[in-house]
Amino acid sequence: MMEPMTETATPLAVEMRGIVKRFPGLVANDRVDLDVRRGEVHALLGENGAGKSTLMNILAGLYSADEGTVAVDGRPVRFRSPREAIAAGIGMVHQHFTLVPSLTVTENVLLGLAEPRIRLGLGARHAAVAAFAEERGLRVPADAPVWQLSVGEQQRVEILKMLWRGARILIMDEPTAVLGPAETEELFRSLRAMTAAGGSVVLISHKLGEVLSVADRITVLRRGAVTAAGIDAAGRTPAELARLMVGREVLERIEKAPATPGPVVLAVRGLAAQNDRGLPALRGIDLEVRAGEIVGIAGVAGNGQSELAEAITGLRAATGSITLDGREIANRPVLEIIEAGVAHIPEDRTGTGSAPGLSLADNLVMKRYRSAPVGGRIRFRRRAARGIAEALKADYAVSAPSIDTPARLLSGGNLQRLILARELTSGPRLIVAVQPTRGLDVGAIETVHRLLLDQRRAGAAIILISEELDELTGLADRILVMYEGRIAGDIEPELFGEIEEIGLLMTGSRGAAEGAA
Amino acid sequence: MSAPATDRGLLPVTLRVERRLGTPRWLPLAATLAAIGAALVLSGLLLALIGADPFAVFAHILGASFGDLYVLSDTLVKATPLILTGLACSLAFRMRLWNIGAEGQLLMGAWGASAVVLLGIFPAGTPGIILIPAMVVGGMVAGALWGGIAGVLRARLNVNEIITTLMLNYVALSFLRFWVFGPWSEGGFQQTVQFPRDAWLGRLTELSWLIPDVAGMTVHGGFLLALVAAGIVWWVLSRTRTGYEIRLAGDNPQAARYAGIDLKRKIVLVFLASGALAGLAGASEVSGTVHRLQDSLALGYGFTGIVIAYLAKFHPLGVIVAAIGFGALILAGREIQPAGIPAMIQGIVLVCVIVADALTRYTLRVVRR
Ligand SMILES: Nc1ncnc2c1ncn2[C@@H]1O[C@H](COP(=O)(O)OP(=O)(O)OP(=O)(O)O)[C@@H](O)[C@H]1O
Ligand SMILES: [Mg+2]
């Protein structure tokens with residue numbers, strides 16, 4: 001992007017100086033400086049727990065800094081609430097959306113504003129919101145209730161909300177973690193449109209490739225401190241960025257031993273299930289996974305992948321047959337399925353995979369408190385639980401002040417480590433991993449991949465559901481593509497290179513018969 | 001408008017209220033104590049407003065409830081059912097099951113304990129050592145079943161437990177009235193005959209042959225049962241698998257399901273246990289205090305139990321302290337005119353504690369300009 005070097009008088013959009021933020025037991029931001037220019041996409045990178053979200057929460061008025069100053073458009077500011085930040089032109093889109101599902105897009109955009117005061121006059125408002133969105137390249141159905149929207153559309157509504165309130169500096173915290181490739185492209189186009197009009201964007205992401213494709217400049221944090229301040233993105237490589245983030249070389253390519261598949265562990269026949277709205281989500285799935293094999297499931301979100309994982313793990317009622325080592329487990333109690341050796345890395349870490357108010361220790365023993373050493377016939381042995389928790393916390397490098405810390409205070413990546421630690425230590429027969437690396441930093445992704453491959457070597461059967469094609473082609477021994485509740489294609493490793501082919505299958509523009517090799 | 005650092009005031013710092021990110025361990029207890037202190041100040045101001053001398057009133061309340069061993073014993077008598085209903089509520093609330101039916105469960109417990117005596121299950125002259133445990137069991141079973149109804153409805157049909165437990169309170173009261181006005185009425189009065197001595201829980205005064213000083217003290221075995229119950233609830237919640245499951249399900253039911261916990265069974269179980277605790281309160285009242293069944297039995301103990309559970313932050317041992325405090329206020333209510341004063345103080349304490357609880361989520365910070 002062009003930088004108006006000539007206009008030296010143009011103040012920086014954002015100037016953060018010497019920001020310090022301490023949490024009990026750690027310094028999340030340690031004298032951080034950040035400059036955001038007008039008209040640029042500024043990427044903020046760093047490992048899980050490096051302090052990115054904390055820094056942006058300070059900028060957006062959610063937290064206040066212990067030390068340091070912030071200036072917006074050259075004027076010093078000190079926000080006491082997000083409302084004040086947005087009034088100064090700073091809007092943040094969080095990873096967890098804050099929309100009201102039952103209200104329409106327009107209502108969500110207008111919610112909480114002084115204007116309109118009493119009568120909504122929705123008809124005219126729909127048109128106004130739609131036109132406003134159109135102008136900024138944000139495609140959204142203004143009169144549709146939010147629950148009907150895809151994740152990508154909901155995100156656009158969040159952006160729209162901020163722009164409608166006059167945000168000129170948009171902070172996006174890991175926006176692409178929940179998006180497929182096409183939606184990511186579309187998001188980047190809108191961000192570009194915004195910066196072209198003189199706005200600024202701060203983008204947090206762990207996907208280095210896409211960061212390089214969209215960002216103008218990059219700031220990297222490591223353990224709360226800046227390791228690269230506003231370097232130009234042009235000419236950098238992902239490996240270079242990874243090194244700045246992690247402080248060591250990161251393997252880009254996954255080294256994988258050839259598969260030695262054993263007997264069939266999981267066999268699914270004619271599986272059908274409904275989604276939460278009572279609509280058919282699975283329409284006759286057949287698949288097999290062998291011991292020591294990773295079967296990847298590709299597909300655009302919402303084509304039945306989540307329901308498939310839930311049906312296998314007993315969380316969702318289904319018809320058809322699911323056998324584990326020859327034993328029928330369809331619709332059996334969850335506990336029986338756990339005890340049969342099925343580990344589950346769920347998609348929703350806070351909603352399903354953890355109890356946010358309970359301690360790390362309590363969360364880590366969630367699946368093993370019934371048996372020795374933690375569980376007696378009735379006893380729950382706290383000392384044993386704490387011992388296990390300490391060991392797992394160390395083994396899986398979960399960074400948190402202590403095992404008594406409530407899980408809700410963990411950063412996204414550390415929470416995922418906690419879940420992995422819990423699920424993988426039991427020596428499972430089958431692992432159902434749903435988006436296991438979503439939101440993780442490069443180093444952590446490497447760790448997860450290594451852990452999954454270790455399990456594969458140990459003879460576990462693994463289902464890997466992911467929207468990351470690179471991850472699937474790197475790890476899986478076979479890829480099944482799901483489309484509208486069916487398996488649309490079965491791709492053997494020789495064809496992994498043909499990303500386009502997979503893409504066609506994912507969007508349903510190619511039938512199963514043609515797709516199979 | 002944006003909020004540039006303006007130069008209000010003369011000091012180089014400002015105080016600022018902001019959301020707390022984590023809660024230190026000591027904070028909830030300190031906040032509760034501070035809230036009680038604030039409540040006393042507020043009550044004192046109100047008392048002064050109506051022309052009373054607040055210090056005299058407080059001194060009187062203290063004297064009337066803790067002044068000597070006799071009134072202390074009376075305070076503990078009042079606290080006994082409150083501990084048990086407080087425990088009943090705490091246990092259910094821990095799993096976010098809003099059982100507000102301790103009142104009805106207490107009444108059913110009282111009925112169940114009385115039935116053991118009055119239905120002639122045991123021959124006349126059965127010794128207390130058999131009769132009293134049977135009454136305790138009868139009361140707990142009756143309370144458990146009453147709580148269990150709401151539990152099953154919630155688990156099977158997802159019927160809101162707040163509505164069912166509230167309504168079942170009225171049903172229980174009518175049921176009790178039917179028995180005391182009808183089949184069990186003593187000569188037309190709305191009460192049953194006095195139970196035989198063997199059906200009375202032992203009172204401290206009965207030890208006066210051994211320790212002369214305790215003559216006339218009415219604190220009874222129910223208080224010990226309540227303490228034991230508090231200990232057991234504490235142990236179950238913090239040291240058993242079931243307790244872990246309750247904590248997990250209370251924090252995130254979806255995660256509990258994912259961990260393989262059968263939520264429906266757990267809901268019914270918690271309602272049974274909660275009802276049994278309230279039922280025990282009923283049994284302890286008829287067997288330890290009134291020695292008969294009558295319709296003016298509950299006096300709102302079940303509802304006060306909700307307040308106590310909140311004051312104690314659902315902690316079983318905290319329930320004991322809160323219940324004794326409320327027992328003292330109830331007792332003082334007999335001595336202080338107008339009788340509304342202790343009720344007012346109770347209300348103020350509750351409001352202060354709730355406000356303090358909300359405030360613990362915020363913190364004051366000194367900000368340099
Ligand atoms: N409210 C809080 N109380 C205590 N510690 C916190 C709190 N919020 C964050 N932390 C800690 O501060 C550190 C930085 O967290 P932050 O969320 O900023 O990381 P992040 O860079 O956004 O990581 P991720 O990529 O995983 O989202 C982490 O170690 C986290 O555990
Ligand atoms: Mg973050």
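Just above sits the structure.
An account of the accompanying structure is given in this report. Bear in mind that the values here come from a model prediction, so they are computed numbers and not experimental data.

Take the site of ligand 1 next. Surveying the vicinity of ligand 1 reveals 19 residues, the closest of which are A:Asn48, A:Gly49, A:Lys52, A:Ser53 and A:Thr54. Mapping the residues adjacent to ligand 1 onto the chains of the assembly identifies chains A and B. One of the side-chain N or O atoms of A:Asn48 is found 2.9 Å from an oxygen atom in ligand 1. Take A:His206: an N or O atom from its side chain is 2.9 Å from an oxygen atom of ligand 1.

Below, the discussion takes up the pattern of salt bridges. Residue and element names in this part refer to chain A. Counting across every chain of the model gives 36 salt bridges over all chains. For Asp 35, the salt bridge goes to Arg 17, with nearest N and O atoms at 3.0 Å. Within this pair, whereas Asp 35 is found in strand E2 (residues 26-36), its partner Arg 17 is found in strand E1 (residues 14-23), the two being separated by 18 residues in sequence. Residue Asp 35 is classed as partly exposed on the basis of its relative accessible area of 25%. Exposure remark for Arg 17: the relative accessible area of 31% places this residue in the partly exposed category. Of the charged contacts, one joins Arg 22 and Glu 67 as a salt bridge, the two residues approaching to 3.0 Å between their closest N and O atoms. Of this pair, Arg 22 sits in strand E1 while Glu 67 sits in strand E4 (residues 67-72), and the two are 45 residues apart along the sequence. Judged by its relative accessible area of 44%, Arg 22 is partly exposed. In this structure Glu 67 comes out as partly exposed when scored by relative accessible area, which is 39%. What emerges from the salt-bridge pattern is a single network uniting Glu 15, Arg 17 and Asp 35.

This part covers the interface of chain B and chain A. Listed by partner, the interface residues are 29 residues for chain B and 48 residues for chain A. Taken together, both faces of the contact between chain B and chain A bury some 3400 Å²; the carbon and sulfur share is 52%. The residue B:Arg247 makes a salt bridge to A:Asp362 at a minimum N-O spacing of 2.8 Å. Residue assignment for the side of chain B that touches chain A shows that the elements contributing at least two residues are strand E1 (13-19), helix H7 (221-239), helix H8 (241-251), helix H9 (253-258) and strand E2 (362-368) of chain B. If one sorts the elements of the side of chain B that touches chain A by residue count, H8(B) sits on top with six residues. Across the side of chain B that touches chain A, the residue classes tally to twelve nonpolar, six polar and eleven charged.

Criteria and cut-off values
Residues numbered from 1 in each chain as written. Chains lettered and ligands numbered in written order. Predicted model: local features only at pLDDT ≥ 70, side-chain atom pairs only at ≥ 80, totals over all residues. Heavy atoms only, no water. Near = heavy atom within 4 Å. Polar contact = N/O pair within 3.5 Å; in protein donor to acceptor, adjacent residues only side chain to side chain. Salt bridge = Lys/Arg side-chain N within 4 Å of Asp/Glu carboxyl O. Helix = DSSP H or I, 4+ residues; strand = E, 2+ residues; numbered from the N terminus. Buried < 20%, exposed > 50% of the residue type's maximum accessible area, 1.4 Å probe, protein only. Contact = heavy atoms within 4.5 Å. Buried area = accessible area lost by both parts, 1.4 Å probe. Nonpolar A, V, L, I, M, F, W, Y, C, P; charged D, E, K, R; others polar.

The analysis is restricted to geometry; functional conclusions fall outside its scope.
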